[in-house]
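Geometric and topological summary
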Amino acid sequence: QVQLVESGGGLVQAGGSLRLSCAASGRTFSSYAMGWFRQAPGKEREFVAAISWSGGTTYYANSVKGRFTISRDNAKNTVYLQMNSLKPEDTAVYYCAASVKPTFRGYEYDYWGQGTQVTVSS
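Residues numbered from 1 in each chain as written. Predicted model: local features only at pLDDT ≥ 70, side-chain atom pairs only at ≥ 80, totals over all residues. Heavy atoms only, no water.

**Structural notes on the overall build of the protein chain**
Short version of the rule: Here a helix means four or more residues in a row that DSSP labels H or I, a strand means two or more in a row labelled E, and each is numbered from the N terminus. We take the radius of gyration over the C-alpha atoms and set the globule estimate at 2.2 Å times the residue count to the 0.38 power. For every residue, the accessible area obtained with a 1.4 Å probe (protein chains only) is divided by the maximum for its type, and the residue is called buried under 20%, exposed over 50%, and partly exposed between those limits. Here, two residues are considered to be in contact whenever any of their heavy atoms come within 4.5 Å of each other. Under the convention used here, a 1.4 Å probe and the Shrake-Rupley method define accessible areas, while residue burial counts only the protein chains that appear. For the purpose of charge, His is not counted, nor are the chain termini; Lys and Arg are scored as positive and Asp and Glu as negative. In plain terms, the charge of a residue is placed at NZ if it is Lys, CZ if Arg, CG if Asp and CD if Glu.
When you go through the protein chain residue by residue, the secondary structure sums to zero helices and 11 strands. Each helix and strand of the protein chain, ordered N terminal to C terminal, gives the series β-β-β-β-β-β-β-β-β-β-β. At 13 Å, the protein chain has a C-alpha radius of gyration in line with the 14 Å of a compact globule built from 122 residues. In the protein chain, which comprises 122 residues, the share counted as buried stands at 46%. When contacts within the protein chain are restricted to residue pairs at least 6 apart in sequence, long-range pairs at least 24 apart make up 57% of them. Split by element, the accessible area of the protein chain, about 6,300 Å² in all, is 47% carbon and sulfur. One way to put it: in the protein chain the 12 positive side-chain charges average out to a point 5 Å from where the 8 negative ones average out.

What follows is the structure, given as structure tokens:
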């Protein structure tokens, strides 16, 4: 069992930056790939980024590539999402999730956090 808690969301102006954190409980964190997803009001949940258990492989949605960076610290049981050059269209609730493999498919993730709100003003 893995429990995930996101933090770091907030209100930021367009062009600004935020760093989201996702703290995981359980001693098996390092065996899971981790992903970030987001859901804007009235829209479906979408994939943002994923990272392998070792951190050696990362994947990004085209919409965030070059602006967002996913990383992890297995010693701290934490995964991060550094978000730079934020745009109003990045406004959403951001969720972290754990899976046995890094994937963009949400249904392949077994554990989810409660989400953290990110609002980007224009």
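That shown, we press on.
**What to know about the packing of aromatic side chains**
Note the following rule: Stacked, tilted and edge-to-face are the three classes applied to pairs of Phe, Tyr and Trp rings, where Trp contributes its six-membered ring and a pair requires centres within 6.5 Å; stacked means planes under 30 degrees apart, edge-to-face means over 60, and tilted covers the rest. Charge-over-ring placement is defined geometrically: NZ (Lys) or CZ (Arg) within 6 Å of the ring centre, and within 35 degrees of the ring normal.
Taken as a whole, this structure holds six aromatic pairs when the rule is applied. Ring centres of Tyr32 and Tyr111 lie 5.9 Å apart, and the angle between their planes is 80°; on these two criteria the pair is classed as edge-to-face. With Tyr32 in the loop between β3 (18-24) and β4 (33-39) and Tyr111 in strand β10 (residues 109-112), the pair connects residues that are 79 residues apart, well separated along the chain. For the pair Tyr32 and Tyr111, a shared accessibility class is recorded, and that class is buried. Geometrically, the ring pair formed by Phe37 and Phe47 is edge-to-face, given 5.7 Å between the ring centres and 70° between the ring planes. In this pair, Phe37 is assigned in strand β4 and Phe47 in strand β5 (residues 46-51), connecting sequence segments 10 residues apart. Judged on exposure class, the residue Phe37 and its partner Phe47 are both buried. Among the aromatic residues, ring-to-ring pairing joins Phe37, Phe47, Phe104, Tyr109 and Trp112 into one connected group. Positioned above the aromatic ring of Phe37, the side-chain terminus of Arg45 is 5.7 Å from the ring centre. Here the guanidinium or amino end of Arg72 rests over the ring plane of Phe29, the centre of that ring lying 4.5 Å away.

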